[in-house]
Protein chains: 2
Amino acid sequence: MREMFTHELEALRDDLVKMANHVAVAIEKATSALDNADLLVAEEVIDADRRIDGMERALDDQGISVLARQQPVATDLRVVVSGLRLSATIERMGDLARHVAYVARGRYPQTALDGPMRDLVSEMGSQAVKVAQRVTQLLENRDLDLAAEIEREDDVLDELHRRSFEIVLDESVPMTRQQVVDAVLLGRYLERFGDHAVSVARRVSYLVTGDTVFETDHKDGETDAHRD
Amino acid sequence: MREMFTHELEALRDDLVKMANHVAVAIEKATSALDNADLLVAEEVIDADRRIDGMERALDDQGISVLARQQPVATDLRVVVSGLRLSATIERMGDLARHVAYVARGRYPQTALDGPMRDLVSEMGSQAVKVAQRVTQLLENRDLDLAAEIEREDDVLDELHRRSFEIVLDESVPMTRQQVVDAVLLGRYLERFGDHAVSVARRVSYLVTGDTVFETDHKDGETDAHRD
């Protein structure tokens, strides 16, 4: 019984890794579609997100089935419930990659990254890709150094996001309305993407160490130009 | 045993209702802080969100404790796991109310609703309040007419959101950069708020009828100006 349970937990973990890997590919493609005004790649990301959603549903069913059959308690129970939470968060990251792809598709045949925000948003995109790759690795090997790295990389993302508002709000920088709208939305999507990655990192750290460092989403307001 | 379990499920439901009610109050206050440039009310929303976060953590612990002690299967198990999902979604709605409050606070002593977007964003706010109140009622009485109403009210919210992009993207409408940024962010927060309400409505409907009508978040892209 115990052996079978361990086996099932490993299957759950493998599926989470696969899902996170799909998300990493999605954000990489979405940001490259932005950079290159590539309609086909944008469409690929949008279509592929249905698969990520399907993986979440499958993980849900699997998790619930493990709970029903194995009736785990204590740590085992927390691992399964955390798996359900992790899959929901990773699914949200997939949604955000899809949103980035919508922007790329919406501007085609132009690029949404024309204008003075080009380099900065592009840098935010690369940073989001890095974060997503670390998330996949972290789920795979539970190396807490990676969790710390994700937090640091998200800080960079937040700082870029803050700077994006400085540029956008500067009336002396010539930008079309469309450019302003795209910069604000892309900034928001990528910043949220990073926040979700941090929440994955903290949940995994908690599973490994037992220390709660959550404080769920209070950090996500800190980079808003609106904080103060 | 069964009686105690029923009692615990009722306690979970009551706590969800309370949490949703806090969120309804939060979004009402946040939008009124926007309308009236009321710093104190904005601060209240921001502070109160910590309580909502705390309620989510308590619900998590409660749910996990029920799973561990009662070892529910089949429908009962789905009810408890759904409760955990619902609390996570409602917590996100609370975060979004807090984000609206950040915008109100950030513009103080001015109002973030100056300019040509005033009426429309204010209408989105009222609509979000309505949706949040229906969510509380739905969790309380599981009346599926309310679930349908939430879907319809969210459609109105989406349509207002779509129109907000039309105005913002019209270069002939004079707006400052700050007004554009605020309109885009507030529109996004309120639209997401409605999407989460719909996801609560669908999950509750599923619990009541057993019919899956999820399709998690694919609708949330539809109102993006970027969809096509």
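Reading the values: rules and limits
Residues numbered from 1 in each chain as written. Chains lettered and ligands numbered in written order. Predicted model: local features only at pLDDT ≥ 70, side-chain atom pairs only at ≥ 80, totals over all residues. Heavy atoms only, no water. UniProt positions renumbered as here; feature names shortened; annotations may be inferred. Helix = DSSP H or I, 4+ residues; strand = E, 2+ residues; numbered from the N terminus. Contact = heavy atoms within 4.5 Å. Buried area = accessible area lost by both parts, 1.4 Å probe. Salt bridge = Lys/Arg side-chain N within 4 Å of Asp/Glu carboxyl O. Polar contact = N/O pair within 3.5 Å; in protein donor to acceptor, adjacent residues only side chain to side chain.

Identification of chain A as Phosphate-specific transport system accessory protein PhoU from Georgenia muralis is taken from an unreviewed UniProt entry. Turning to chain A, the UniProt record has this under Sequence similarities (unreviewed entry): "Belongs to the PhoU family."

Asks: Looking at this structure, how should I read the UniProt feature "domain: PhoU" (unreviewed entry) in chain A?
Replies: Residue and element names in this part refer to chain A. The sites that UniProt annotates as "domain: PhoU" (unreviewed entry) are residues 17-102 and 121-204. Summarising residues 17-102: 94% helix, 0% strand, and an end-to-end C-alpha distance of 25 Å. Taken end to end, residues 121-204 is 89% helix and 0% strand, and its first and last C-alpha atoms sit 29 Å apart.

Asks: Hey, could you run me through the interface of chain A and chain B in this one?
Replies: Listed as interface residues are 63 residues of chain A and, on the opposing side, 63 residues of chain B. Note on chain A versus chain B: buried area summed over both sides is about 5300 Å², and carbon and sulfur give 49% of it. At the junction of chain A with chain B, the criterion picks out six salt bridges. Between Arg78(A) and Asp61(B) there is a salt bridge, with its nearest N and O atoms 3.6 Å apart. Linking chain A with chain B are 14 residue pairs in polar contact (both at pLDDT 80 or more), by the criterion used here. Secondary structure elements with two or more residues in the side of chain A that touches chain B: helix 2 (39-70), helix 3 (74-107), helix 5 (144-169) and helix 6 (177-209) of chain A. Here the side of chain A that touches chain B gets 18 residues from one element, more than from any other, and that element is helix 3 of chain A.

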